[in-house]
Amino acid sequence: MEKILWADDEIDLLKPHILFLKGKGYDVSTVSNGLDAIDTLQKEPFSLVLLDENMPGLSGIETLTRIKQAHPDLPVIMITKSEEENIMNQAIGNQIADYLIKPVNPNQILLALKKNLKSKELMAQQASSGYQQEFTRISSLINSASSTEEWMEIYRQLVYWELKLADTPMAEMMLMQKKEANSNFCKFVKRNYEDWITGDDHPLMSHELFKKRVFPLLDEGERVCFILIDNFRLDQWRILQPLVAEWFDISEDLYTTILPTSTQYARNAIFAGLMPLQISKLYPHLWVEEDEDEGLNIHEEELIRTQLERFRRKEKFTYTKLNDSSAGEKFLMKMKQLKDIPLNVVVLNFIDMLSHARTESKMIRELANSDAAYRSLTESWFRHSSSLDIFRRMSELGFKVIVTTDHGTIRVDNPIKVIGDRNTNTNLRYKVGKSLNYNPKQVYEMHNPQKFGLPSPNLSSTYIYACNEDFFSYPNNYNFYVQYYDGTFQHGGISLQEMLVPLATLTPKNR
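What you see as residue numbers is a count from 1 along each chain, following the sequence as written. pLDDT decides what is reported in this predicted model: residues at 70 or higher carry local features, side-chain atom pairs at 80 or more are listed and counted, and totals for whole chains, interfaces and linings draw on all residues regardless. To obtain the side-chain values, all non-hydrogen atoms of the structure were used and water was disregarded.

**Student:** Could you clarify how one ought to interpret the sheet that holds strand S3 (residues 48–52) in this entry?
**Tutor:** Two strands in a sheet stick together by hydrogen bonds in their backbones, pointing the same way (parallel) or opposite ways (antiparallel). Strand order in this open sheet of five strands is S2-S1-S3-S4-S5, and the pairing throughout is parallel. Each of the sheet's edge strands pairs with one partner strand only, and the pair in question is strand S2 (27–31) and strand S5 (98–101). On average, each strand axis in the sheet is inclined to that of its neighbour by 20 degrees, with strand direction left out of account. Pairing of strand S1 (residues 3–7) with S3, which is carried by four bridges, proceeds in the parallel orientation. Residue Leu 5 lies in a different strand from S3, and its bridge partner there is Val 49. Should any heavy atoms of two residues lie within 4.5 Å, those residues are counted as being in contact. Note on geometry: axes are lines fitted to C-alpha atoms, helical ones only across the stretch in contact, with angles between N-to-C directions running from 0 to 180 degrees. The numbering of helices and of strands both runs from the N terminus, where a helix is a DSSP run of H or I of at least 4 residues and a strand a run of E of at least 2. Contacting S1, S2 and S3, helix H2 (residues 34–43) crosses the sheet at an angle of about 160 degrees to S1. At least two bridges found by DSSP between two strands is the condition for calling them paired.

What follows is the structure in structure tokens.
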């Protein structure tokens, strides 16, 4: 039973209201002044306080201040006869939970109590009921989807329900349906990916982003900031979106990444405007092979320049990669200098570093032990780092902002065995090598990489990709791989999370 403390100097006149609330299952205690309210709260716990604003002695606002100092998380509903804006501002500034104007009827108070004490429970019940009604329809869509657009819509709905159902009993059922969707999506990609690469009828893909989304805005005279957040998924974007909505009108879209869904391939394709095979042939000095020690994405600025030159674009551009908070602060300080530059490209690497830390650090494993926790860490980083200020400043400077990523990531939990020589790459979601041994039923194979726009390190190189929540492990060190990598976030393979990624266009509201 929820315990309510009601402080009002005319409490005797409120007995009908109190009896009504008790009949609804609330345990209501009463006091007639602010000092008694403070004393009572020190002696026993309460779920919520109903507080009259106009009491003799210690006023309602003064009482509210002292209650919040001692019990900052205790919800307080202010009840007042006054409609003065100053009183409302003071109450809101002191973080009231709600504000009611006298005379109040019992149902108004009951609604306020439910909103503040039962809202999470009621929302969870409503979400569970809504998802149960939608479950069959979504399953039908999963089984019948035959186009990328249909899969994008399915993924949007799954993310919507995943966020709504977090921490509810229905969350497990929703995750099972997402697994079913990923299984069918992988089959869809296996059937269609080669046609996407070799034909003209394909979804928007990595190597086309600048040509189809950035250059048209520049042609319209817009100043553009292209922000790429590494390892960024749709569910993470949905968490961050409300934080930037204060300054931007937002148009959300998705695009389909190329395979492998890794930085070396997908991000370089974005910045070069070419498939990896074309990069390696046209600009061999800018392509880093799998077995080289050189960083796999160290030529991004040069690749952007080659793309602008190929399309005969004369715009000036800047390129900035932000790997830590100090780099973000330095970038903020120089942003005013960018206002007359048509194209500014910014790479935010935090989430990529977080996913790797999630693998390597026991502490981060504990902090990000689920997709929900992973989203929470992403939000905390964005809210408290320079990243949020960068978006605010971009709005103030009037930039059109494109927010996207090179690929997403998936939490893996099912090891599958692969055998390769010592030159085989280390990624857990895709492998490339000349003598791979694996179960072909468990993977997507590319025996002729050039047909898929990929370079071939050797004449007999094969690319293979893990699907669903699978990850590759070696038989001679199987137990280590299972214990060390189970439950980690990986990328490189085929899943909704890795391949269908956010592409949002943000227009400043201050125009």
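**Student:** Please clarify how the state of the cysteines should be interpreted in this entry.
**Tutor:** Joining two cysteines, a disulfide is a covalent bond between their sulfur atoms. Pairs of cysteine sulfur atoms within 2.5 Å are what we label disulfides. Here the structure, examined in full by the defined rule, presents one disulfide. There is a disulfide in this structure between Cys 186 and Cys 467, and the S-S distance comes to 2.0 Å. Pair noted here: Cys 186 is in helix H7 (residues 171–198) and Cys 467 is in the loop between strand S16 (462–466) and strand S17 (470–473), with a separation of 281 residues, a long-range link. Grouping residues by exposure puts Cys 186 and Cys 467 together as buried. Residue exposure (1.4 Å probe, protein chains only): buried if accessible area is under 20% of the type maximum, exposed if over 50%, otherwise partly exposed.

**Student:** Can you walk me through the pairing of S17 in this structure?
**Tutor:** Along a regular strand, successive side chains alternate from one face of the sheet to the other. Burial along S17 is two-sided: the face carrying Asp 470 and Phe 472 and the face carrying Phe 471 and Ser 473 are both buried. Sheet topology places strand S12 (residues 414–419) next to S17; four bridges connect them, and they run parallel. Paired with Asn 414 across the two strands is Asp 470, which belongs to S17.

**Student:** Would you mind showing me how to read the sheet that holds S17 here?
**Tutor:** Spatial ordering of the open sheet is given by S14-S12-S17, a layout of three strands whose pairing is mixed. Two strands close off the open sheet at either side, each with one partner strand: strand S14 (437–438) and S17.

**Student:** When you look at the packing of aromatic side chains in this model, what are you seeing that I'm missing?
**Tutor:** Describing an aromatic ring pair means giving the distance of the ring centres and the angle of the ring planes. Stacked, tilted and edge-to-face pairs are distinguished by plane angle, under 30 degrees for stacked and over 60 for edge-to-face with tilted covering the rest, among Phe, Tyr and Trp rings (Trp via its six-membered ring) whose centres lie within 6.5 Å. A full pass over the atoms with the stated rule returns 25 aromatic pairs. When the centroid spacing of 6.1 Å and the interplanar angle of 80 degrees are considered together, the rings of Phe 210 and Phe 215 count as edge-to-face. By the burial criterion, Phe 210 is buried, and Phe 215 matches it. Geometrically, the ring pair formed by Phe 271 and Tyr 319 is edge-to-face, given 6.3 Å between the ring centres and 85 degrees between the ring planes. A residue pair is termed long-range when its members are at least 10 positions apart, and Phe 271 in helix H10 (residues 263–272) and Tyr 319 in strand S8 (residues 317–322) qualify at 48 residues.

**Student:** Before we go on, may I ask you to explain the packing of helix H9 (residues 234–244) against helix H16 (residues 371–384) in this structure?
**Tutor:** In a packed pair of helices, the relevant descriptors are the angle between the two axes and the axis-to-axis distance. For the pair H9 and H16, interaxial distance at closest approach is 9 Å and the crossing angle is 30 degrees. If you check the angle between H9 and H16, you find them roughly parallel. The handedness of the crossing between H9 and H16 comes out as right-handed. On H16, the residues touching Asp 235, Gln 236, Ile 239, Leu 240, Leu 243 and Val 244 of H9 are Tyr 374, Arg 375, Thr 378, Glu 379, Trp 381, Phe 382 and Arg 383. Polarity classes work like this: nonpolar for Ala, Val, Leu, Ile, Met, Phe, Trp, Tyr, Cys and Pro, charged for Asp, Glu, Lys and Arg, and polar for all others, with Gly in that last group. Its residues assigned to classes, the contact of H9 with H16 comprises seven nonpolar, two polar and four charged. What sets the label is the angle itself: under 35 degrees gives roughly parallel, over 145 gives roughly antiparallel, 65 to 115 gives roughly perpendicular, and the rest give oblique. Definitions for this section: a left-handed crossing has its near helix turned counterclockwise from the far helix by less than a right angle. A right-handed crossing has that turn clockwise.

**Student:** Help me understand the pattern of salt bridges, please; the structure alone is not making it clear to me.
**Tutor:** Two side chains of opposite charge can pair, provided their charged atoms sit close to one another. Salt bridges are identified by distance alone: a Lys or Arg side-chain nitrogen within 4 Å of an Asp or Glu carboxyl oxygen. One pass over the structure, following the stated rule, counts 31 salt bridges. With a closest N to O distance of 2.6 Å, Arg 313 and Asp 219 form a salt bridge. Of this pair, Arg 313 sits in the loop between helix H12 (300–310) and S8 while Asp 219 sits in helix H8 (residues 209–219), placing them 94 residues apart in sequence. Given the relative accessible area of 56%, Asp 219 is considered exposed. Salt bridges linked by common partners bring Glu 162, Lys 178, Arg 233, Asp 235, Asp 371 and Arg 375 together as one network.

**Student:** How do you make sense of the nonpolar core when you look at a structure like this?
**Tutor:** Generally speaking, soluble globular proteins have nonpolar side chains that are buried together. In this structure, Trp 151, Tyr 193, Phe 210, Phe 226, Phe 271, Val 401 and Ile 494 are the most contacted members of the largest nonpolar core, which totals 104 residues. If you tally residues by element for this core, the top one is H7, at eight residues. In contact with Tyr 193, not counting residues within four places along its chain, are Met 205, Ile 258, Leu 259, Tyr 444, Met 446, Phe 452 and Met 499. Joining through side-chain atoms within 4.5 Å is the link that ties buried Ala, Val, Leu, Ile, Met, Phe, Trp, Tyr and Cys residues into a set, and such a set is a nonpolar core.

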